[in-house]
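# Results of the structural survey
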Amino acid sequence: MMHITLIAGSNRHNAASTSILRYIEDVLKSRNIQVSIIDLAAVQLPLYSPDSEVVPPEADVLIHSVKQADGLILATPEYHGSISGSLKNALDYLDNSHVTGKPFLTVSSAGGPLGVSSLLHFQSIIRNLHGILCPEWISVGEGQSVFDADGVPQDMEVIQRIDQAVEQFIVLVKKLGHNSKQPAKVMMET
């Protein structure tokens, strides 16, 4: 079964980027895809330090979830033209051994028209981690981030964009062989 880890990069209660991830979580589950979600508003990670010899338990949960995932979806509010500090801190706990070759879908919400700058920063971060960025991305801007009580976006255009990006991401995960962690079956000729 395909397993996707979602990381909500806002530490704000009822953040638009987290609401989008919750909607995506429902979409994935409706397709019988296993989902793990790390909500950085609930999981407070200590500030990353490369000098630390011990991985904090909160970070260990993050690392384990990422290692088990066939693909990752990252969501962030756009702050000062970049990703949130809490998400950047979480990503600093990861290295190439955790994500090399894994597909990523990125999501941004912004107070302005679009959160493109944060999505561009994701490209650089994911490339440096040796992940594979889905060609689709999701950006929701001012006025588009209205959700009902169940977290469903109220703008049909937003729903269509999210659904299209998620579909392309699932296709990418399948093409990359989402079960690549399992040993390949070797067929022998007799």
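Residues numbered from 1 in each chain as written. Predicted model: local features only at pLDDT ≥ 70, side-chain atom pairs only at ≥ 80, totals over all residues. Heavy atoms only, no water.

## Let's talk about the overall build of the protein chain
In terms of helices and strands, the protein chain carries six helices and six strands. Ordering the α and β elements of the protein chain from the N terminus gives β-α-β-α-β-α-α-β-α-β-β-α. For a compact globule of 190 residues, the expected C-alpha radius of gyration is about 16 Å, and the protein chain comes in at 17 Å, within 12% of that figure. Once the C-alpha set of the protein chain is aligned to its principal axes, its extents read approximately 65 × 45 × 30 Å. (Helix = DSSP H or I, 4+ residues; strand = E, 2+ residues; numbered from the N terminus. Rg over C-alpha atoms; globule rule 2.2 N^0.38 Å.)

## So, the confidence of the model for the protein chain
Residues shown with low pLDDT carry predicted positions that ought not to be read at fine detail. When pLDDT is averaged along the protein chain, the result is 88; 90% of the residues meet or exceed 70. The least confident element of the protein chain, judged by mean pLDDT, is strand 6 (residues 138–140) at 90; the most confident is strand 1 (residues 3–8) at 98. Between residues 180–190, whose pLDDT stays under 50, and residues either more than four places distant or in other chains, the model counts four contacts. (pLDDT = per-residue confidence, 0-100. Contact = heavy atoms within 4.5 Å.)

## Quick look at the pattern of salt bridges
The tally for this structure, following the rule as stated, stands at six salt bridges. The partner of D92 in a salt bridge is K88, with the nearest N and O atoms 2.4 Å apart. With D92 and K88 both in helix 3 (residues 85–92) and four residues apart, the pair spans about one turn of that helix. On the basis of relative accessibility, which here comes to 28%, the residue D92 falls in the partly exposed class. What emerges from the salt-bridge pattern is a single network uniting R22, E25, K29 and D39. (Salt bridge = Lys/Arg side-chain N within 4 Å of Asp/Glu carboxyl O. Buried < 20%, exposed > 50% of the residue type's maximum accessible area, 1.4 Å probe, protein only.)

## Topic: helix 3
Along an α-helix, residues three or four apart share an orientation, since each turn contains 3.6 residues. Those residues of helix 3 lying buried are L87, N89, A90 and L91. Considering only its buried residues, helix 3 is in contact with strand 1, helix 2 (57–68), strand 3 (71–77) and helix 5 (116–128).

## A look at the packing of helix 1 (residues 16–30) against helix 6 (residues 156–175)
Two elements in contact, helix 1 and helix 6, have axes whose closest approach is 11 Å; the angle formed by their N-to-C orientations is 55°. Classed by the angle they form, the pair helix 1 and helix 6 counts as oblique. Between helix 1 and helix 6 lies a crossing of right-handed hand. Contact residues: helix 1 offers I20, Y23, I24, V27 and L28, while helix 6 offers I159, I162, D163, V166 and I170. Across the contact of helix 1 with helix 6, the residue classes break down as nine nonpolar, no polar and one charged. (Axes fitted to C-alpha atoms, helices over the stretch in contact; angles between N-to-C directions. Parallel < 35°, antiparallel > 145°, perpendicular 65-115°, else oblique. Left-handed = near helix turned anticlockwise from the far one by under 90°. Nonpolar A, V, L, I, M, F, W, Y, C, P; charged D, E, K, R; others polar.)

## Some details on the packing of aromatic side chains
With the rule as written, the count across this model stands at one aromatic pair. Residues Y48 and Y93 carry aromatic rings whose centres are separated by 5.1 Å and whose planes lie at 80° to one another, so their mutual orientation is edge-to-face. Linking Y48 in the loop between strand 2 (34–39) and helix 2 with Y93 in the loop between helix 3 and helix 4 (96–99), this pair joins segments that are 45 residues apart in sequence. Under the relative-accessibility criterion, Y93 is labelled buried at 10%. (Phe/Tyr/Trp six-rings, centres within 6.5 Å; stacked < 30°, edge-to-face > 60°.)

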